[in-house]
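If you want the building blocks of each chain, they are given just below.
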Amino acid sequence: MEGNIVATKEVGRTLRVHIIPTETGDIFMVASPSFKDSCDLHAQATVDAIRQKDFNNVSMLMLGGYFHHSGKYDELVDVLVERLKLVDQGRKPTIVLTAACNQIADGHSIKTAITKLKDLANVVALANAGEFRRLLGKDKDWRPTDRKPTDEEYQRANERALNYAHRKLPEVKFVVTNGEKAIHIVCRRGVSNGYEICRPIGIVDNTVGAGDAFAGGYLLGLQHALSEPQGGRLGSVAASKVKSTK
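Calculation rules
Residues numbered from 1 in each chain as written. Predicted model: local features only at pLDDT ≥ 70, side-chain atom pairs only at ≥ 80, totals over all residues. Heavy atoms only, no water. Salt bridge = Lys/Arg side-chain N within 4 Å of Asp/Glu carboxyl O. Helix = DSSP H or I, 4+ residues; strand = E, 2+ residues; numbered from the N terminus. Buried < 20%, exposed > 50% of the residue type's maximum accessible area, 1.4 Å probe, protein only. Pairing = 2+ DSSP bridges.

1. What about the pattern of salt bridges?
Part 1 of the argument: The tally for this structure, following the rule as stated, stands at 12 salt bridges.
Part 2 of the argument: Its salt-bridge partner being Arg 51, residue Glu 75 comes within 3.6 Å of it at the nearest N-O pair. With Glu 75 in helix H3 (residues 73-84) and Arg 51 in helix H1 (residues 35-51), this residue pair connects regions lying 24 residues apart in the sequence.
Part 3 of the argument: Given the relative accessible area of 29%, Glu 75 is considered partly exposed.
Part 4 of the argument: The salt bridge partner of Glu 153 is Arg 147, with a shortest N-O separation of 2.9 Å.
Part 5 of the argument: Note on Glu 153: relative accessible area 16%, which makes it buried.
Part 6 of the argument: Residues joined by salt bridges that share partners form a network here, namely Asp 106, Arg 133, Arg 134, Asp 139 and Arg 143.

2. Digging into the pairing of strand E6 (residues 122-128)
Part 1 of the argument: Among the 7 residues that make up E6, 5 are buried, leaving the element largely enclosed by the rest of the structure.
Part 2 of the argument: The pairing of strand E5 (residues 94-98) with E6 spans 5 bridges and is parallel. Opposite Thr 98, over in E6, you have Leu 126 as the bridge partner.
Part 3 of the argument: Judged from the 5 bridges that link them, E6 and strand E7 (residues 173-178) form a sheet pairing that is parallel. Residue pairing across strands places Val 124 opposite Lys 173, the latter belonging to E7.

Here is the structure:
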């Protein structure tokens, strides 16, 4: 379809209209959000707000995945570092980072953010199993080139990544979801055996938003001092609502 677009008209800062002719002579005008523009505007407003924030009065801040697409993520992290250095000694707010997709997990920005923030805040990083392995640089060598990996190979790869995170980054809490299998928590105390999830009723084809829903439920549990299994369960209940067909 992209090759058929004969004109694109910008309407304000947040909308594009694509004019598309077809072989039958019909012409469609399709409106779509101008994601980059609107994303940049919101991200810059966030950077400006963080620059003025007193983090002695902040218990938790989450950097969602959309910041990566704005081009403002690195600037936001640097501003956040400046503000966190002013926090009273002995008090650390929780900063939550999400890998959000494989492309982000492979990139340098979230890895740099973890390095810069881990001594200034209680860093919690959320990712699914694949994103988690990519984040640690552990998602290439284990894959067979001539066949689909077995369940045992997949499980061993995940276990190696979990143990690696515990050894190399004990200051960071990693919350790792693994599809329909389980949730693992990696923190200074060790690696959990895996907490049972709430299974959805049927599964929809498009599960976009399930990760954000899980994060919201889990972090709500964290804020209310629930146990890790309870928080994971709350997150999985929220995610199952996105993934369920009923």
